[in-house]
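Examining the three-dimensional arrangement
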Amino acid sequence: MMVCRRLAGIHDMQMGCLRISRARGFVGVAATAVASTALLLLSACAEGYDEDAAFTSSVRNATLATVNADEIVVSSSTDGSTFTFTWPVVHGAGGYEVKLYNVSDPSHPLLVKADTVDACKATASREDDTNYMLSLRALSNAALNNTAPDTPTQKAFTTFTPTFAAIPAAQYSDLKAYFDANPLPEGNHDMLCFDLDGGADYKLSGDVDFGGHNVTIRCTSKGNHAKLTLEQGAKFITFGGLVIKYLDIDCSQTNKTIVELSETPDDSLKTQIMYDGKESGYYFIMEPIVFQSCNIKKVGASIIADKAKYDVRSLTVNDCVVEVDRTASATNVTSDAVINLKTASFVSDLLLKNSTFYAVEHTNSAFFVYNGRPKEIDANAELQKVTFTGCTFYQLSYSTNFRGDTRTQGQKTNYFTVERCIIVDCGKKNFVNSLLRQLSTAPTVSYYKNTYWWNGEDVSEAQVCDGGDHSGTALTTDPAFRDPANSDFTPTGAQQIAEKTGDPRWYNEN
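Worth saying up front: this structure is predicted, and the values here are computed from it rather than measured.

1. Comments concerning the overall build of the protein
- On a plain count of helices and strands, the protein comes out with 5 helices and 36 strands.
- The buried share of the protein, taken over its 510 residues, is 49%.
- Considering only intrachain contacts with a sequence separation of at least 6, the fraction spanning at least 24 residues in the protein is 75%.
- Entry remark: accessible area of the protein is about 22600 Å², with carbon and sulfur atoms responsible for 47%.

Written out as structure tokens, the structure is:
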């Protein structure tokens, strides 16, 4: 039964108790008892209790009030996975109708949740970088002859990080021209978010150097990405955090990387982490570098490369499709690794998640290369993590080493996690050896429900070795992608479908 609608009656009763207490001169024990009773009565609004005539609202025979949108409080859970909505009581209501919509595409709002609640509170799932609209209406109460308002209250809100500036395609279709005309503010260490128009075409005609700023380049329409073409040699340069979101990136015209770690970083980065009061010689990029929900086509070089000695504390590729094209007909082809930190750098925490990485034809260059190592910072305290989870890998580093360096093989400070991945014609027949680069029990490893398919057969048994997959969970059916020649990596293998492994996008046909 509806609880919050009875607060008016509760309030009257509480005030009466307080007047009686004062009249009788009760100050100590009585006051404490009254306060405790009031707290119990108020808490009933959130918890609910049985119908009682003593708490019936005085609002009768009325059209119920609407909640002011400004009075609806939206809060997020600590991990960002859920919302909590709260609002003031509508006296005499028979409950509340709550609807939450995803309105990132205003022409096609998506209903996230619809519910009827008794308390002045509701919860719902939450996503980052999403525009929402909450619809809230008090419901009729037949017992009190109260009717619902004609229209619900609507509250619009967003989970996007606040915009620093918009870059309209009609004025600045060339991002280099925009940043040449609008230099980044000196001394600003906040995340600077630049918004591109959904569905619009942009290009990068030359290098854009963000220096040590923390920058996000994004499209605010998750369902209608902005399109960015990199012209020959053009790239983003940084020695700070960089997030690239919701873009379709065409690399067919360039043989350079998408993101280059600057050749001239600020020396202050060297003192971000020191052991025993000593500098390690590394430049530390503390803020994350992220590719989020991007479709990256025709990569002839790499998505990130270095020009100095860096420890990138966090590099994430999440919800992306990365196409590598090293075919004879492609232009601007190199032999670079896709993640190419060959100068002197490494990543402390590499995460590839819910993404597809594939080559148009078998490639014979490494997928990632580091030429730095945590041991040079501190042999005991520094870790290096490599995590692949929910990813699809196809025709990369075929018959060669998936990881192209041996700088940290066999180290106890290495952590490798490969879970729920589909790995087809990648690395050597013994994929885990081509990843770890040494059959050793020293690294910490975790494998779970992976498919190892190489040269037309299941090779899961070849992964059972020192440092290998001893989980007993490997899937052994042919993943049988629906149409890989046309970039459709929907699995049709029985076990893969049952477990929904690999990049989850291929199971989301709708």
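2. A closer look at the pairing of strand β9 (residues 191-196)
- Taking burial as the measure, the 6 residues of β9 include 5 buried ones, the bulk of the element.
- Sheet analysis places strand β8 (residues 165-167) next to β9, joined by 3 bridges and oriented parallel. Considered in β9, the bridge of I167 is made with L196.
- As defined by bridge partners, β9 adjoins strand β12 (residues 214-219) across 6 bridges and the pair is classed as parallel. Bridge pairing links D195 to R218 in β12.

3. Description of the environment of D201
- Looking at where D201 falls in the secondary structure, it is placed in strand β10 (residues 201-204).
- Of the residues examined, D201 reaches a relative accessible area of 54% and is grouped as exposed.
- Along the chain, D201 and A169 lie 32 residues apart, while their C-alpha atoms are 7.0 Å from each other.

4. With respect to the side chain of D336
- Its place among the elements puts D336 in the loop between β24 (321-324) and β25 (339-341).
- Residues in contact with D336, not counting those within four places in the same chain, are A301, R326, K342 and S365.

5. Considering the sheet that holds strand β22 (residues 310-312)
- The strand order β18-β22-β26 describes an open sheet built from 3 strands, whose pairing is parallel. Edge positions in the sheet fall to β18 (283-285) and β26 (346-347), since each of these pairs with one other strand and no more.
- In terms of strand pairing, β22 meets β26 through 2 bridges, oriented parallel. Note that in β26 the partner of D311 across the bridge is F346.

6. What to know about the pattern of salt bridges
- On inspection of all chains with the given rule, the structure shows 20 salt bridges.
- Put simply, D311 and R313 hold a salt bridge, and the shortest N to O gap is 2.6 Å.
- For D311, a relative accessible area of 0% puts it in the buried group.
- Relative accessible area serves as the criterion here: at 22%, R313 is assigned to the partly exposed category.
- A salt bridge links E499 to K449, with the shortest nitrogen-to-oxygen separation between them at 2.8 Å. Of this pair, E499 sits in helix α5 (residues 494-499) while K449 sits in the loop between β34 (444-448) and β35 (451-454), and the two are 50 residues apart along the sequence.
- Within the structure, one salt-bridge network assembled from shared partners comprises D311, R313 and E382.

7. A few points about the environment of T216
- Topologically, T216 is positioned in strand β12.
- The residues touching T216, leaving out its near neighbours within four places in the chain, are M191, L192, C193, F194 and V243.

8. Side note on the sheet that holds strand β4 (residues 110-117)
- The strand order across the open sheet formed by 4 strands is β4-β3-β6-β7, and the pairing between neighbours is antiparallel. In this open sheet, the two edge strands, each paired with only one partner strand, are β4 and β7 (153-158). The average angle at which neighbouring strand axes cross in this sheet is 15 degrees, direction not considered.
- Across 6 bridges, the pairing between strand β6 (residues 131-138) and β7 is antiparallel. Paired with N131 across the bridge in β7 is T158.

9. Side note on the packing of aromatic side chains
- In total, this model carries 31 aromatic pairs according to the counting rule given.
- Members of the aromatic cluster, connected to one another through ring pairs, are F357, F367, F368, Y370, F388, F393, F402 and F431.
- Just above the ring of Y282 sits the side chain of K309; from NZ or CZ to the centre is 4.7 Å.

Calculation notes
- Residues numbered from 1 in each chain as written.
- Predicted model: local features only at pLDDT ≥ 70, side-chain atom pairs only at ≥ 80, totals over all residues.
- Heavy atoms only, no water.
- Helix = DSSP H or I, 4+ residues; strand = E, 2+ residues; numbered from the N terminus.
- Buried < 20%, exposed > 50% of the residue type's maximum accessible area, 1.4 Å probe, protein only.
- Contact = heavy atoms within 4.5 Å.
- Areas by Shrake-Rupley, 256 points an atom, 1.4 Å probe, with all protein chains shown as cover.
- Pairing = 2+ DSSP bridges.
- Salt bridge = Lys/Arg side-chain N within 4 Å of Asp/Glu carboxyl O.
- Axes fitted to C-alpha atoms, helices over the stretch in contact; angles between N-to-C directions.
- Phe/Tyr/Trp six-rings, centres within 6.5 Å; stacked < 30°, edge-to-face > 60°.
- Lys NZ or Arg CZ within 6 Å of the ring centre and 35° of its normal.

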